Amino acid sequence: MTRYSYFCPCPRGLEAALAEELDEIAQADKTLKVHTQVPGGVHCSGVLQDAYRINLHSRIASRVLLRMAHAGYVNENDIYDLTLEQAWEDWFGYHHTIRVDVTAVKSPVKSLEFITLKIKDAICDRFRDQFTQRPSVDTKSPDMRIVGFLDAHNFTVYLDTSGEALFKRGWRMETGDAPLRENLAAGLLRTSGWKPGVPLFDPMCGSGTILIEAAQMVAGIPPGIRREFAFEKFGSFNEAEWLAIKNAVRANPLPAEPSIFGSDISGDMITMTRNNLNKAGIRFDVPLKQIEAQEIKAPTDTPGVLLTNPPYGERIGVRGDSTVEADDMAKDFFSAFSTTLKQRFAGWSVFLFTADLGLPKMLRLKESRKTPFFNGALECRLFRFDMVAGFNRREEAKPKTAS
């Protein structure tokens, strides 16, 4: 069978987690090989069915890009010529719509828009030469996405096998403000070391993204089971093989006792999370509670993982005093939240994902680890705090300083 080179982009900071996940997917068929990690993704190779499997099973990849060509370039004409040489007609027809996206790192070209146009022209010219008809451009919902990447010396052109970005699982009906993307939530879960069966608590769950990713892992529901992919429109698409891959999925037994818990200050968010859990196919109990994060208690006797993406501004101030400055409100909130963690979460591993790099100072806690991530262009950290038993008693035992 023909082997292809793939590139799986992911949120920056999750490259190692994605490589680990791809290794796990590779265990199922032995044809997928995982290669190098680079900033923003992982290179791998395999047969076409491996692209099917990655799209179905990867929680962390943003897309699965099939490499069509890779070569050095000097100017825009080299990029046009290389694109023109590729057998695009083997993959899709002139009746399909296309979109071209280009990214570059240290490339000498002056205009990425012009490069995008040259790639589009090359594809359309090839179809026009062969069929006297050409694909139309659709930037909103194209059948096929073509991705160009330039560095200082080389040009690579890819055909996207995914279509819509993979973080769009197909279950999300409603979101809160600026929801955490699903693949980033899955990466945070993996980075935290959480595994199904370990208690998990998100006390500021918003629309429930972290909880749903975890619940689908417990249930054995692949992230791509409820959506469609661009590869289903390829000329070489083998529907029987795709159905066989999907039919090989085996759901896990439903847990007898809850192990995933959520809460939020907003009743609307709790309702939203319930709706999203249902749409995501979760058929076991995920207890949810409307409560302020400062008032929470550990939901299980057994310590577990508390993982959350703390909100700021309005969400913190849902029941706060509107006359208090936002910064002061945040300080008061995190001070109270810190006390709750120290008093009620002995033995728990607490992970807070935030763009506020000064969060440990507001909590008056020393992190045991901080992992850098990017949420889009926004630099973030996943802070880990280990809640040691007796933490609060030690705090109270400290001698008071004279005022």
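Residues numbered from 1 in each chain as written. Predicted model: local features only at pLDDT ≥ 70, side-chain atom pairs only at ≥ 80, totals over all residues. Heavy atoms only, no water.

A closer look at the packing of helix H1 (residues 15-26) against helix H2 (residues 48-57)
As a reminder of what qualifies: For helices, the fitted line uses only the C-alpha atoms of the stretch in contact; every axis is such a line through C-alpha atoms, and the angle between N-to-C directions lies from 0 to 180 degrees. Helix and strand labels come from DSSP, where a helix needs a run of H or I of at least four residues and a strand needs a run of E of at least two; each type is numbered from the N terminus. Working definition: roughly parallel below 35 degrees, roughly antiparallel above 145 degrees, roughly perpendicular at 65 to 115 degrees, and oblique for all remaining angles. Handedness of a crossing is defined here by the sense of rotation of the near helix relative to the far one, left-handed for an anticlockwise turn of less than a right angle and right-handed for a clockwise turn. We call two residues in contact whenever any of their non-hydrogen atoms come within 4.5 Å of each other. Ten residue types, Ala, Val, Leu, Ile, Met, Phe, Trp, Tyr, Cys and Pro, are classed as nonpolar, four, Asp, Glu, Lys and Arg, as charged, and the remainder, Gly among them, as polar.
Interhelical geometry of H1 versus H2 gives an angle of 120 degrees and a closest axis separation of 11 Å. Our classification of the angle between H1 and H2 gives oblique. Crossing handedness for the pair H1 and H2: right-handed. From H1, Glu-21, Leu-22 and Ile-25 reach across to H2, where they touch Arg-53, Ile-54 and His-57. Within the contact of H1 with H2, the residues separate by chemical class into 3 nonpolar, 1 polar and 2 charged.

What about the sheet that holds strand E3 (residues 41-46)?
Our working definition: Two strands form a pair only when DSSP identifies at least two bridges running between them.
Taken in spatial order, the 8 strands make up an open sheet running E2-E3-E1-E4-E8-E7-E5-E6, and their pairing is mixed. A single partner strand is all that each edge strand has here, and the edge strands are strand E2 (33-38) and strand E6 (136-137). The pairing of E2 with E3 spans 4 bridges and is antiparallel. Among the inter-strand pairings, Lys-33 is bridged to a residue of E3, identified as Ser-45. Packing against the sheet, H1 makes contact with strand E1 (4-9), E2 and E3, and its axis sits at approximately 180 degrees to E2.

A short note on the side chain of Glu-21
For the record, the criterion: For the exposure calls, accessible area comes from a 1.4 Å probe over protein chains only, and a residue counts as buried if that area is under 20% of its type's maximum, exposed if over 50%, partly exposed in between. Here Asp and Glu are counted as negative and Lys and Arg as positive; His is not counted, and neither are the chain ends. Counted as salt bridges are all cases of a side-chain nitrogen of Lys or Arg within 4 Å of a carboxyl oxygen of Asp or Glu. Distance and chemistry together define a polar contact, namely a pair of N or O atoms within 3.5 Å, with one atom able to donate a hydrogen and the other to accept it when in protein, and with adjacent residues in sequence counting only for side-chain atoms on both sides.
For Glu-21, the location among the structural elements is in helix H1. Despite its burial, Glu-21 pairs with no opposite charge; the closest candidate is Arg-190, at 4.6 Å N-O. At 3.4 Å, the side chain of Glu-21 forms a polar contact with the backbone nitrogen of Ile-60. Dropping the residues within four chain positions of it, Glu-21 is found in contact with His-57, Ser-58, Arg-59, Ile-60, Ala-61 and Arg-190.

Quick notes on the packing of aromatic side chains
For any pair of aromatic rings, the description rests on two quantities: the centre-to-centre distance and the angle between the ring planes. The cut-off we apply is this: In summary, the pairing rule links any two rings of Phe, Tyr or Trp, Trp by its six-membered ring, whose centres are within 6.5 Å, and it sorts them by plane angle into stacked for under 30 degrees, edge-to-face for over 60 and tilted for everything else. Placement of a positive charge over a ring is assigned whenever Lys NZ or Arg CZ falls within 6 Å of the ring centre and within 35 degrees of the normal to the ring plane.
Considering all chains together, one arrives at 20 aromatic pairs under this definition. Judged by centre distance (5.7 Å) and plane angle (50 degrees), the rings of Tyr-94 and Phe-131 are tilted. Taken as a pair, Tyr-94 in the loop between helix H3 (76-85) and strand E5 (97-104) and Phe-131 in helix H4 (residues 112-131) lie far apart in primary sequence, 37 residues in all. Cluster of aromatic residues (ring-pair linked, three or more members): Tyr-52, Phe-229, Phe-231, Phe-237 and Trp-242. Of note, Arg-12 hangs over the ring of Phe-374, and the distance from its end group to the ring centre comes to 3.8 Å.

Side note on the packing of helix H5 (residues 182-192) against helix H6 (residues 209-219)
Running from N to C, H5 and H6 point in directions that differ by 65 degrees, and their axes come no closer than 9 Å. By the angle between their directions, the pair H5 and H6 is classed as roughly perpendicular. Both H5 and H6 take part in a crossing whose hand is right-handed. Contacts from Glu-182, Ala-185, Ala-186 and Leu-189 of H5 reach H6 at Thr-209, Ile-210, Glu-213, Ala-214 and Met-217.

Focus: the confidence of the model for the protein
Applicable threshold: Scored between 0 and 100, pLDDT is the confidence that the predictor attaches to each residue.
Per-residue pLDDT for the protein has a mean of 92; in total, 91% of the residues score no lower than 70. Low pLDDT (under 50) marks residues 313-321, which in the prediction has 15 contacts with non-local residues, meaning those over four places away or in another chain. Every residue in residues 392-403 scores below 50 in pLDDT, and together they form 5 contacts with partners more than four places removed in sequence or on other chains.

Topic: the environment of Ser-62
As for its placement among the helices and strands, Ser-62 is situated in the loop between H2 and strand E4 (65-72). When the C-alpha atoms of Ser-62 and Glu-182 are compared, they prove to be 9.7 Å apart, with 120 residues separating the residues in sequence. If we ignore the near neighbours within four places in the chain, the residues touching Ser-62 are Pro-9, Cys-10, Pro-11, Ala-165, Leu-166 and Asn-183. Side chain to side chain, Ser-62 and Asn-183 meet in a polar contact 3.2 Å long.

What to know about the sheet that holds strand E15 (residues 378-386)
Across the sheet, which stays open at both edges, the 7 strands sit in the order E11-E10-E9-E12-E13-E15-E14 with mixed pairing between neighbours. Edge positions in the sheet fall to strand E11 (288-290) and strand E14 (369-375), since each has one partner strand and no second. Each strand axis lies, on average, 20 degrees off the axis of its neighbour in the sheet, ignoring direction. Pairing between strand E10 (residues 260-264) and E11: 3 bridges, direction parallel. What sits directly across from Ser-263, in E11, is Lys-289. Helix-sheet contacts for H5 involve strand E9 (200-202), strand E12 (305-308), strand E13 (349-354), E14 and E15, and the interaxial angle to E14 is about 165 degrees. Docked against the sheet, H6 engages E9, E10, E11 and E12, running at close to 165 degrees with respect to E10.

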